[in-house]
Amino acid sequence: MDAFIHQVLSGLATGGIYASLALALVMIYQVTRLVNFAQGEMAMFSTYIAWSLINAGMGYWPAFLLTVLFALALGVVIERVVIRPVENASVLAIVVIFIALLVILNSATGWIYSYTIKTFPSPFPKEPLFGNTYISSHELGAIGVTLVVLALLYVFFRFTPLGLAMRAVAQNPESSRLVGIRVGWMLALGWGLAAAVGAVAGMMIAPIVYLDPNMMGGILLYAFAAALLGGIDSPGGAVIGGFAVGVLENVLGAYVIGNDLKLSVALGLIIGVLLVRPSGFFGKVHVTRV
Amino acid sequence: MTRRASIAVAVLVAIACVLPFVVSNYRTFQLTLVLVYAIALLGLNILTGYNGQISLGHGAFYAIGAYTAAVLMDRLGAPYWATIPAAGAVCLVAGFLFGLPALRLEGLYLALATFALGVSMPQLLKYHHLEKWTGGVQGIVIAKPEPPAFLREAGLQMNSDQWLYFFALAVAAIMFVLGWNLLRGRVGRALIAIRDQHIAAEAMGINNALYKSLAFGVSAMYTGIAGALGAIAVQYVAPDSFTIFLSLVFLVGIVVGGLASISGALYGALFIQFVPNVADEISKAAPWAIFGLFLIGFVYLMPAGVAGAVRTLLVRFTRKGAK
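Parameters and conventions
- Residues numbered from 1 in each chain as written.
- Chains lettered and ligands numbered in written order.
- Predicted model: local features only at pLDDT ≥ 70, side-chain atom pairs only at ≥ 80, totals over all residues.
- Helix = DSSP H or I, 4+ residues; strand = E, 2+ residues; numbered from the N terminus.
- Buried ≥ 20, exposed ≤ 12 C-beta atoms within 10 Å, placed from the backbone.
- Contact = placed C-beta atoms within 7 Å.
- Rg over C-alpha atoms; globule rule 2.2 N^0.38 Å.
- Nonpolar A, V, L, I, M, F, W, Y, C, P; charged D, E, K, R; others polar.
- Domains from an automatic or database assignment.
- Expected span 1.5 Å × (residues − 1).
- Axes fitted to C-alpha atoms, helices over the stretch in contact; angles between N-to-C directions.
- Parallel < 35°, antiparallel > 145°, perpendicular 65-115°, else oblique.
- Core = buried A, V, L, I, M, F, W, Y, C linked by C-beta atoms within 7 Å.
- Bend = angle between axes of the 7 residues up to and from the residue.
- pLDDT = per-residue confidence, 0-100.
- Left-handed = near helix turned anticlockwise from the far one by under 90°.

Draft legend 1. Main features of the overall build of chain B. Of regular secondary structure, chain B possesses 15 helices and two strands. The dimensions of chain B, computed from C-alpha atoms along their principal axes, are 50 × 50 × 40 Å. Relative to its full complement of 323 residues, chain B shows a buried share of 51%. Excluding contacts between residues fewer than 6 apart, the proportion of contacts in chain B whose partners are at least 24 apart in sequence is 78%.

Take a look at the structure:
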């Protein structure tokens, strides 16, 4: 039983990270109807920036904040420079652009930092908190950080004029433009926020999976599964989906299919959800008029 | 085919037959891989270029083909040439089966599902219950095929690299003729109609579901055959040679070569074989940086790829000549 509780709790910890990344995917999906295949690599690249800052002697939390700001800027720049010109292009063209971003960020990181695996510090103490035996402090801390990020995003979208403007753009870009909202900049800001949330996820997962340019491949897959499970256009759903996928992955990996097939859980979930319930559990069902 | 096109193909075949006798063994080996990639790219192009179904996971079918060939040769002692049709058949079925659920997925979602397939393929290949067949992480080493005895009796001296090249050339030629026949007629038009206007295509009496899943099957078959040939050429299969980046290489190939174009498969194959070779000298990361930049560059500036550019140039050139 103890082992089971341990599996569930550490599943919740990684689940929180999947939830953050899934949330980043959903934020971009909501404003552009696109799934950003480069989300994981953007997070990975930001995490490397954090590593550089910390290695240069900066404290963890200042480096954390600076990295989040950097990711925000990175997201905005990528949207303005790379995505904007293909806004109305075919799905294939856009997917190709995302893949291009993925491989460029991946290889740029490999080029700058080399492909050797690096350790990434955790800001939380080594000993488990409160003397418990189920969950390490980093895992507990990661869940905490995820919840703080979610709360901040909720407050931002719910209570600030800028958040309201962004929600308006996601709902109806034409009308938003008519009432004077800068739709283009809102899209860019949406990308920036998504990149920032992704960067937090990257910095939280890096102490667990270690820092390496390919670290996000599998995690992105779980985030896809989480976003689809919760409904790709539902932020709340993505968060619940993230935690669910984290627990499911850990428990299935430990007791049913073995650790060497964990990624197939994501594959099965993605295909299963798309087939049985494409709108996920909390998403809107889309009806297309012929 | 127009007369000019026939002459071009004849010249190309003649050059392809002479090349291995002029260049080094290593270059011959690289050219064999070009042929292998060309078959795989033609397969992906049938699906993504002609039929508009985005696949980011074709490396998985390449892997299945390669493993089929390796397992048949290493564990069951099958002759290398017999593994090609076997790999094709296995992948046809695998592709068709994956294509059935894929029918319900459009555009982005299909890209997602195939991406997931591509990412999880190495792990599936490492699965410990299959280790008896697949060799687990170690993979399988296979023997290099020797040129057949009748060639030596006929007085033709050929080393195994050259023989393998001609074997690949023959397979590629068959696959390209088949592909050309498939795409120029009724089936090709149906595939394109589904890509451009699937509702109108349905109204015209095209069975969308059948054609789409068939396109998936045939596409996987091409890629699987390429995989089997590739495995024989490099004499080695291992799970980590079939990561998601292999699938992405194929995507680079069809985008650079030209979507929905048969000759594009050849340009794309030359690109993905030789550009990394040159770029590798700069840095280990350079090939992918260059691939990425080319992807963006081609989508922005040359969406029809090299094949499209060649076509435009030819039209301009001949118009000038006519005046």
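Draft legend 2. Structural context of the overall build of chain A. A tally of helices and strands in chain A yields eleven helices and zero strands. The secondary structure elements of chain A, listed N-terminal to C-terminal, are α-α-α-α-α-α-α-α-α-α-α. At 19 Å, chain A has a C-alpha radius of gyration in line with the 19 Å of a compact globule built from 290 residues. The C-alpha extent of chain A, read off along each of the three principal axes, is 55 × 45 × 35 Å. Counting all 290 residues of chain A, 51% fall into the buried class. Partitioning the intrachain contacts of chain A with sequence separation of at least 6 by distance along the chain shows that 75% fall at a separation of at least 24.

Draft legend 3. Representation of the interface of chain A and chain B within the structure. Contacts between the two partners involve 36 residues from chain A and, on the opposite side, 40 residues from chain B. Elements with a contribution of two residues or more to the side of chain A that touches chain B: α4 (91–113), α9 (216–230) and α11 (262–276) of chain A. The dominant element in the side of chain A that touches chain B, judged by the number of residues it contributes, is α4 of chain A, at 15 residues. Looking at the side of chain A that touches chain B residue by residue, the class counts come to 29 nonpolar, six polar and one charged.

Draft legend 4. Structural view of the domain arrangement of chain B. All names here are of chain B. For chain B, the domain assignment lists domain 1 (39–242) and domain 2 (243–323). Every element with two or more residues in the side of domain 1 that touches domain 2 is listed here: α2 (25–50), α3 (58–76), α5 (107–126) and α8 (160–184). When residues in the side of domain 1 that touches domain 2 are grouped by element, the largest group, eight residues, is from α2. Residue classes in the side of domain 1 that touches domain 2 are distributed as 14 nonpolar, eight polar and one charged.

Draft legend 5. How the structure looks around the environment of A195 of chain A. Here A195 of chain A is to be found in helix α8 (residues 183–209). Contact partners of A195 of chain A, with chain neighbours within four places excluded, come to M42, A71, L72, L74 and G75 of chain A.

Draft legend 6. Representation of α3 of chain B in the model. Along its 19 residues, α3 of chain B runs 26 Å from first to last C-alpha, staying within 8% of the 27 Å computed at 1.5 Å per residue. Downstream of α3 of chain B by one or two residues, G77 of chain B has phi in the positive range, about 65°.

Draft legend 7. Quick look at the packing of helix α5 (residues 137–159) of chain A against helix α6 (residues 161–171) of chain A. All names here are of chain A. For the pair α5 and α6, interaxial distance at closest approach is 5 Å and the crossing angle is 80°. Taken together, α5 and α6 sit at an angle that is classed as roughly perpendicular. On α6, the residues touching F156, F157, R158 and F159 of α5 are G163, M166 and R167. Per-class residue counts for the contact of α5 with α6 are four nonpolar, one polar and two charged.

Draft legend 8. Fine view of the nonpolar core. I99 and I270 of chain A together with I39 of chain B are the most contacted members of the largest nonpolar core, which has 220 residues in total. No other element matches the 17 residues that α8 of chain A contributes to this core. Residue contributions to this core reach at least three from each of two domains, namely domain 1 (39–242) and domain 2 (243–323) of chain B. With sequence-adjacent residues up to four places away left out, I39 of chain B is seen in contact with A172, M175, Y222, I225, A226 and L229 of chain B.

Draft legend 9. Expanded view of α5 of chain B. Residue and element names in this part refer to chain B. The first and last C-alpha atoms of α5 sit 30 Å apart over 20 residues, in line with the 28 Å expected at 1.5 Å per residue. Maximal helix bending in α5 amounts to about 45°, located at S120; proline P122 follows within four positions. In terms of burial, α5 is largely enclosed, as 18 of its 20 residues are buried.

Draft legend 10. Local environment of the environment of P239 of chain B. All names here are of chain B. Assignment of secondary structure puts P239 in the loop between β2 (236–237) and α12 (244–257). As for P239 and T134, which are separated by 105 residues in sequence, their C-alpha atoms are 8.9 Å apart. Not counting residues within four places of it along the chain, the set of residues in contact with P239 comprises P122, L125, K126, V137 and G139.

Draft legend 11. Seen up close, unusual backbone geometry. Look at Y210 of chain A: it is not a glycine, yet its phi comes out positive at around 70°. Locating Y210 of chain A in the fold gives a position in the loop between α8 and α9. For Y210 of chain A, a count of 12 C-beta atoms within 10 Å translates into the label exposed. Residue Q235 of chain B is not a glycine yet carries a positive backbone phi of 60°. Inspection of the secondary structure puts Q235 of chain B in the loop between α11 (208–234) and β2. For Q235 of chain B, a count of 15 C-beta atoms within 10 Å translates into the label partly exposed.

Draft legend 12. Quick peek at the confidence of the model for chain B. Residues with a pLDDT of 70 or more make up 98% of chain B, whose mean pLDDT is 89. Complex prediction metrics read pTM 0.90 and ipTM 0.88.

Draft legend 13. Quick peek at the packing of helix α2 (residues 39–55) of chain A against α8 of chain A. All names here are of chain A. Between α2 and α8, the least distance of the axes is 8 Å, while the angle of their chain directions is 65°. Both α2 and α8 take part in a crossing whose hand is right-handed. Side by side, α2 and α8 meet where Q39, M42, A43, M44, S46, T47 and A50 of the first sit next to A195, G198, A199, A201, G202, M203 and A206 of the second. For the contact of α2 with α8, a count of residues per class yields nine nonpolar, five polar and no charged.

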